[in-house]
Amino acid sequence: MNQHAGWNRLAPGRRAVLAVAAMALSVFLTGFSLNPFASTTPTLMLLEHTQDGKPVQTRIEVKDGMVISPDKGKPRDKWIIRAGDALKSEVRPGDRSVGFYRGVDNQSTLLFVVKVHYYLNSDGRWVPQYQINEEPVVIRLNGRWQPLSTSQGIAGQIALTGTALPNAEGYFTSLEFGFTSGPASIDAWQVQ
């Protein structure tokens, strides 16, 4: 039996209409993922750590609001920030900043902020690069908040451990770092 018998019985005009409709539907569906867990929100960066000798990555998406980490309360020796999605756009995407916190609720403490700036790559896509800014250690002295520095014997809280070099503006393609005080957890983040 001919598997195309039903198709061949259609008038040529109807076959053409159905063929065009099928092509239009397939073009329409290519923009959608069949994975029900896939996100259409661009990934700003990947936050990575090692667990049982294997890398574990958490997507940090380009959306506003505080997000609780799936690794909340689990201190790590080293964290890595890897590049997020390269974006296709006629104009440079706006800069973002991500605040990383220890603790949640009213007991959260800002650990550091990562600034995100986009650079055009050779494929014509905007690729995010990163700059880390830690919150300084401060004390209250004579009624004013005073930052303490390494020149006063206070070590920086964050130690960059990666080998990547920054570009001329001080942004890295990835950041590898640890905390000078030992393992620390990143419990939440907020994209702005």
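So, how was this worked out
- Residues numbered from 1 in each chain as written.
- Predicted model: local features only at pLDDT ≥ 70, side-chain atom pairs only at ≥ 80, totals over all residues.
- Heavy atoms only, no water.
- Core = buried A, V, L, I, M, F, W, Y, C linked by side-chain atoms within 4.5 Å.
- Buried < 20%, exposed > 50% of the residue type's maximum accessible area, 1.4 Å probe, protein only.
- Helix = DSSP H or I, 4+ residues; strand = E, 2+ residues; numbered from the N terminus.
- Contact = heavy atoms within 4.5 Å.
- Salt bridge = Lys/Arg side-chain N within 4 Å of Asp/Glu carboxyl O.
- Polar contact = N/O pair within 3.5 Å; in protein donor to acceptor, adjacent residues only side chain to side chain.
- Pairing = 2+ DSSP bridges.
- Axes fitted to C-alpha atoms, helices over the stretch in contact; angles between N-to-C directions.

Among the nonpolar cores identified, the biggest contains 27 residues, and Met-45, Ile-81, Phe-100, Phe-112, Val-114 and Phe-177 are the most heavily contacted of them. Listed by contribution, the elements that provide at least two residues to this core are β1 (43-51), β4 (79-83), β5 (96-102), β6 (109-120), β7 (126-134), β11 (175-179) and β12 (188-191). No other element matches β6, which puts five residues into this core. Beyond its immediate sequence surroundings of up to four residues, Ile-81 is in contact with Met-45, Leu-46, Leu-47, Phe-100, Val-114, Tyr-130, Ser-174, Leu-175 and Phe-177.

Right, let's talk about the pattern of salt bridges for a bit. Taken as a whole and assessed by the stated rule, the structure comprises five salt bridges. Put simply, Arg-82 and Glu-48 hold a salt bridge, and the shortest N to O gap is 2.8 Å. Note that Arg-82 is positioned in strand β4 and Glu-48 in strand β1, a separation of 34 residues in sequence. The salt bridge involving Glu-61 is made with Arg-59; its shortest N-O contact spans 3.2 Å. Bridged by salt links that share partners, the residues Arg-59, Glu-61 and Lys-63 form one connected network.

Attention shifts here to the side chain of His-117. Relative to the elements of secondary structure, His-117 occurs in strand β6. Among the residues examined, His-117 registers a relative accessible area of 13% and is labelled buried. Among the polar contacts listed, one links the side chain of His-117 to the side chain of Asp-95, at a separation of 2.6 Å. Excluding its chain neighbours within four sequence positions, the residues that come into contact with His-117 are Arg-92, Asp-95, Val-127, Pro-128, Gln-129, Glu-169 and Tyr-171.

The subject of this paragraph is the sheet that holds strand β3 (residues 65-68). Within the open sheet, the five strands sit side by side as β3-β12-β5-β6-β7. Their pairing is antiparallel. At either margin of the open sheet sits one strand with a lone partner, and together these are β3 and β7. Here the average twist between neighbouring strands, direction ignored, is 25°. Pairing analysis gives nine bridges linking β6 to β7, with the strands arranged antiparallel. Looking across to β7, one finds that Val-116 is bridged to Tyr-130.

Read these as geometric descriptors, not functional statements.
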